[in-house]
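# Fold and geometry: a report
Residues per chain, in single letters:
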Amino acid sequence: MESTNHGEGPVAASKRRYIPLNDVLPPLETLVVAIEGSVDPDGVCCLSIPNRVLGDWANNREKNTSFVALANEYIVDEAITLNPEAARLEDLLYRKSLGVVSKVRAARGVNRKNALLRSTTITILNGETISAADLQSELNEVTYMNEEADAFIEGLQEEVQDLKDALSEAQDSQNNPGGKIDAVSNRHARRKIQEVSEHANKALEFLSTYGLVAESLKVHTTSGKTFYIPFSDDAASENEDTVDLRVLYILDRYGVSDAFYHELAMLFSELPRSRAVKKARTDLNHTMQLTRIPGHEGAYRSFERSLCEQLSTMIAQDATSFQPNQKIKVRISGDGAKFSRTSSFVLLSYAILMPVGRYLSGIGNHTIAVVKGAEDYDTISTAFAATFQEIDGLQQLGFVAVNGVSYNIELFFSSDMKFMLTMLGLNAANSIYACPKCTVHRDCRWDVSKPESYYSTTMARTLVTLRRAFASHGRTAAVHQGSVNRPLTAIPVDHMMIDELHLFLRIFDVMLRNLIKMSEPHTQQLVAYIRSCGVSFNIWECESSDGKVEWTSLTGEAKKKVLKLLPSKMKDIPLPNAFLDDVVQLWKDFEVLYNLLSSETPPPNAADDLHLKAKRWIQLFLWIKSDGHQKKFVTPYFHVMVYHVPDAIRQYGNIKQFSCQGVEKHNDDSKRNYFSSNRWDAPAEIMLAEHRLELLQQYAREKRHYTKHAAAYWHEGGMQETRSQMRETLKY
């Protein structure tokens, strides 16, 4: 009889509707899968699985666990074992479990409880169980494998113990029975070092399995003393008598003194002895035939032999760039260099104008003669007479033989204005006829109204006219036209090339001097703007003269930087307003001119374009009415830029190849070699050090490529500003 209670309200009705199943259902861990008889003739038996167990499998089963494996865990007393590979049984258990979950979710109250209390029967067919015989066979196999593993492990343990005993005996035999090396005599210490060498050699026998051979061992004592232990009887003597040529290259490349290396070798015994380094250096020196210059402190070598050696090396590196029928350009250069306050030298060098020759670097320039003395005609003509004679012979011959093959050569000469005028036997650069290319008068250099060919035809200098003019030297200047000496070589005048680097430097000096004069009395503001370009610069008044000022001598790279950056800042410099725009334009136009004449690959019309722009530039220079812009300040470099550089570009493609940039770097290297020499025979030491570096160039370390991403730091003065801040910080 159904009871009713209309007065209990909705709360009572709700308590009746939901039954707490955990109080009426048995615990999950007490449920088992029971085995029943099968009604199917193909069946082995039936499994009675509680629905609650099936639901738990469906909800809580791990991803890689099969339903068959779960059923095996729940079968009563493990009466049978289901086959894990029974696909039908796995699929059936999966579907039944999902079905139970669906029914339980759909049911409520008592119906849900009854659904959970019921069981699901599943028939097990033939082949879906594992027989006891199969299980026993597997068990026997596993037992046998375990016994074999136990026996193997026991054997390994015995072998490990034997190895431990042998290692302990070896360690006992290698232990030092006496005192430490620091506490014994030198003789006893040498005997102990020999014992260490034998033990270490045995310990490192495994290296042979890697294809390696140990030659020596470096050890330190507790007091810091270093020992070099050889592994063979000849290793010690071999280390002392042989020198790694990379060491010799570094010593010469960076001017390391013998005294410094000797002290270093005494600290580190694995380094070759200093006597071996000196012997190796002497052996390399003997490969160079050096001749002393009579009557002078100087030396020279055969130009032709050196040229053939360098060509042979370059041909071996890049044979496709050298054809027997092509002309190989060879640039000869001369320059004076002041190495110290009291020592000045004159160097004669050459470079092969091929890309593989690296002629714009110091490495690509090779010294053929060095003399200590002044850069004047007497010194150069007497000291380099033999070299000039050899150069003239090659000029007349026109070829050299390299490895049995003849190569045509074309000789050029390039230098600054002073040395070139000396080579041609002309007067100084401030003389009346100072142009090395033509006989233009000093008072006519400013005149750019003449056509471009005017000075390269009837007024052009040649070796014939120079010798004829020298013959009439006793007459007036208008007759000899500056030829005060005989030309020193047979290289034609049209092969005497103007150095674009010195052309830029000297014209820049004129522009800077004029700018400083125009900025007075506000020169300190000009100094501030030049420093903002990222260079170190200052102007000061000389103590010895009244009102005369001097300023910092800028390097070539610094001048290029100022030329590029300063014009945009000139608007703020207190210059005369009448010529401010003209001065700014003058600087900008000169930058355009220099970029054009210094280009390695100028455009097809570069010569004509340069001539027209240079003419306009000189006209603008003279238009500015201030001190320093008069006609008398138009130097030979101005004239050469307008009338002779365009012709050289038209004839030889560019004049960058004749730049003395590499010569200046080569002079810096020679200066370093001078300070690392013994100063007794400095010219010979300079040439020998360079010769050794040429032979050892293959041992130079290849530097890693570095990309300069921060343009403001590298190219716009950031690096110089940082260094300036560091210097200011160090003052305090």
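Conventions adopted
Residues numbered from 1 in each chain as written. Predicted model: local features only at pLDDT ≥ 70, side-chain atom pairs only at ≥ 80, totals over all residues. Heavy atoms only, no water. Helix = DSSP H or I, 4+ residues; strand = E, 2+ residues; numbered from the N terminus. Buried < 20%, exposed > 50% of the residue type's maximum accessible area, 1.4 Å probe, protein only. Contact = heavy atoms within 4.5 Å. Areas by Shrake-Rupley, 256 points an atom, 1.4 Å probe, with all protein chains shown as cover. Phe/Tyr/Trp six-rings, centres within 6.5 Å; stacked < 30°, edge-to-face > 60°. Lys NZ or Arg CZ within 6 Å of the ring centre and 35° of its normal. Core = buried A, V, L, I, M, F, W, Y, C linked by side-chain atoms within 4.5 Å. Pairing = 2+ DSSP bridges. Salt bridge = Lys/Arg side-chain N within 4 Å of Asp/Glu carboxyl O. Patch = residues over 30% accessible without salt bridge, like charges linked within 9 Å, V, L, I, M, F, W, Y side chains within 5 Å. Lys, Arg positive; Asp, Glu negative; His and termini not counted. Charge placed at Lys NZ, Arg CZ, Asp CG, Glu CD. Polar contact = N/O pair within 3.5 Å; in protein donor to acceptor, adjacent residues only side chain to side chain. Expected span 1.5 Å × (residues − 1). Disulfide = S-S within 2.5 Å. Axes fitted to C-alpha atoms, helices over the stretch in contact; angles between N-to-C directions. Parallel < 35°, antiparallel > 145°, perpendicular 65-115°, else oblique. Nonpolar A, V, L, I, M, F, W, Y, C, P; charged D, E, K, R; others polar.

## Here we look at the overall build of the chain
Counting secondary structure elements, the chain contains 29 helices and 17 strands. Sorting the 732 residues of the chain into buried and exposed places 41% on the buried side. Across the chain, every contact between residues at least 6 apart in sequence was considered, and the portion connecting residues at least 24 apart equals 67%. Here the chain has roughly 41,300 Å² of accessible surface; of this, 51% comes from carbon and sulfur atoms.

## Observations regarding the packing of aromatic side chains
With the rule as written, the count across this model stands at 23 aromatic pairs. When the ring of Phe-412 is compared with that of Tyr-652, the centres are 5.1 Å apart and the planes differ by 90°; the resulting orientation is edge-to-face. With Phe-412 in strand β14 (residues 405–415) and Tyr-652 in helix α25 (residues 645–652), the pair connects residues that are 240 residues apart, well separated along the chain. Exposure remark for Phe-412: the relative accessible area of 0% places this residue in the buried category. The class for Tyr-652 is buried, based on a relative accessible area of 11%. One aromatic cluster is present, formed by Phe-504, Phe-508, Trp-587, Phe-590, Tyr-594, Trp-617, Phe-621 and Phe-638 through successive ring pairs. Residue placement shows Lys-450 over the ring face of Tyr-454; its charged tip is 5.6 Å from the ring centre. Above the face of the Trp-446 ring, Lys-631 is positioned so that its terminal group lies 3.7 Å from the ring centre.

## Some remarks on the nonpolar core
Counting residues in hydrophobic clusters, the biggest one holds 120 residues, and the most contacted among them are Phe-303, Leu-307, Trp-587 and Trp-617. The element contributing the most residues to this core is helix α19 (residues 500–519), with twelve residues. Membership of the second largest hydrophobic core comes to 24 residues, among which are Leu-47, Phe-67, Leu-89 and Leu-92.

## A few points about the pairing of strand β13 (residues 399–402)
Here β13 shows a clear split, with Val-400 and Val-402 buried on one side and none of Phe-399 and Ala-401 buried on the other. Direction of pairing for β13 relative to β14: antiparallel, over a ladder of four bridges. Residue Ala-401 lies in a different strand from β14, and its bridge partner there is Ser-406. In this structure, the hairpin formed by β13 and β14 is closed by a connection of two residues, where Asn-403 is found at a positive phi of approximately 55°.

## A look at the pattern of salt bridges
Proximity of charged atoms lets side chains of opposite charge pair with each other. This structure, assessed with the given rule, holds 20 salt bridges. We note a salt bridge from Arg-692 to Asp-252, for which the minimum N-O separation is 2.7 Å. Taken together, the residues span a long stretch of sequence, with Arg-692 in helix α27 (residues 682–695) and Asp-252 in helix α10 (residues 245–253) at a distance of 440 residues. Judged by its relative accessible area of 4%, Arg-692 falls in the buried class. Classification of Asp-252 by relative accessible area gives buried; the value is 6%. Several salt bridges converge on common partners, so that one network encompasses Glu-452, Asp-608, Asp-647 and Arg-650.

## Some remarks on a negative patch on the surface
A grouping of Glu-147, Glu-148, Asp-150, Glu-154, Glu-158, Glu-159, Asp-162, Asp-165 and Glu-169 is seen on the molecular surface, where their side chains present a negatively charged patch. Note on placement: Glu-169 falls in helix α7 (residues 132–174). Given a relative accessible area of 57%, Glu-169 falls into the exposed group.

## What to know about the side chain of Asp-499
You can see Asp-499 is positioned in the loop between β15 (496–498) and α19. Of the side chains with opposite charge, Arg-331 lies nearest to the buried Asp-499, which makes no salt bridge, at 7.5 Å. A polar contact of 3.1 Å, which involves the side chain of Asp-499, links it to the backbone nitrogen of Leu-501. Polar contacts involving the side chain of Asp-499 include one to the side chain of His-502, which spans 2.3 Å. Once residues lying within four places of it in the same chain are set aside, the contact partners of Asp-499 are Ser-414, Ser-415, Phe-658, Ser-659 and Cys-660.

## Notes on α19
Under the 1.5 Å per step criterion, the end-to-end length of α19 is 28 Å for 20 residues, consistent within 8% with the ideal 28 Å. Burial within α19 is extensive, with 16 of its 20 residues counted as buried. Two or three places before Leu-501, at the start of α19, stands the capping residue Asp-499, its side-chain oxygen 3.1 Å from that residue's backbone nitrogen.

## Focus on the side chain of Asn-667
Note that Asn-667 resides in helix α26 (residues 661–675). Sequence-distant contacts of Asn-667, that is, excluding residues within four places in its chain, are made with Asp-335, Phe-339 and Leu-347.

## Considerations on the state of the cysteines
Within the structure shown, the criterion is met by zero disulfides. Cys-438 takes part in no disulfide bond, and the closest cysteine sulfur, belonging to Cys-435, lies 3.6 Å away. Here Cys-438 falls in the buried class, since its relative accessible area comes to 0%.

## Some points on a nonpolar patch on the surface
Together, Phe-152, Ile-153 and Leu-156 give the surface a local cluster of nonpolar side chains, amounting to about 290 Å² of exposed area. Note on placement: Ile-153 falls in helix α7.

## Observations regarding the environment of Arg-61
One can find Arg-61 in the loop between α3 (51–60) and α4 (67–74). A distance of 2.6 Å separates a polar side-chain atom of Arg-61 from the backbone oxygen of Thr-65.

## Some remarks on the packing of helix α23 (residues 606–623) against α25
Closest axis-to-axis distance for the α23/α25 pair is 8 Å, and the angle between their directions is 175°. With respect to α25, the axis of α23 lies roughly antiparallel. Along its contact with α23, which presents Ala-607, Asp-608, Leu-610 and His-611, the element α25 presents Val-645, Pro-646, Ile-649 and Arg-650. Classifying every residue of the contact of α23 with α25 gives five nonpolar, one polar and two charged.

Interpretation in functional terms is not warranted from these geometric data alone.
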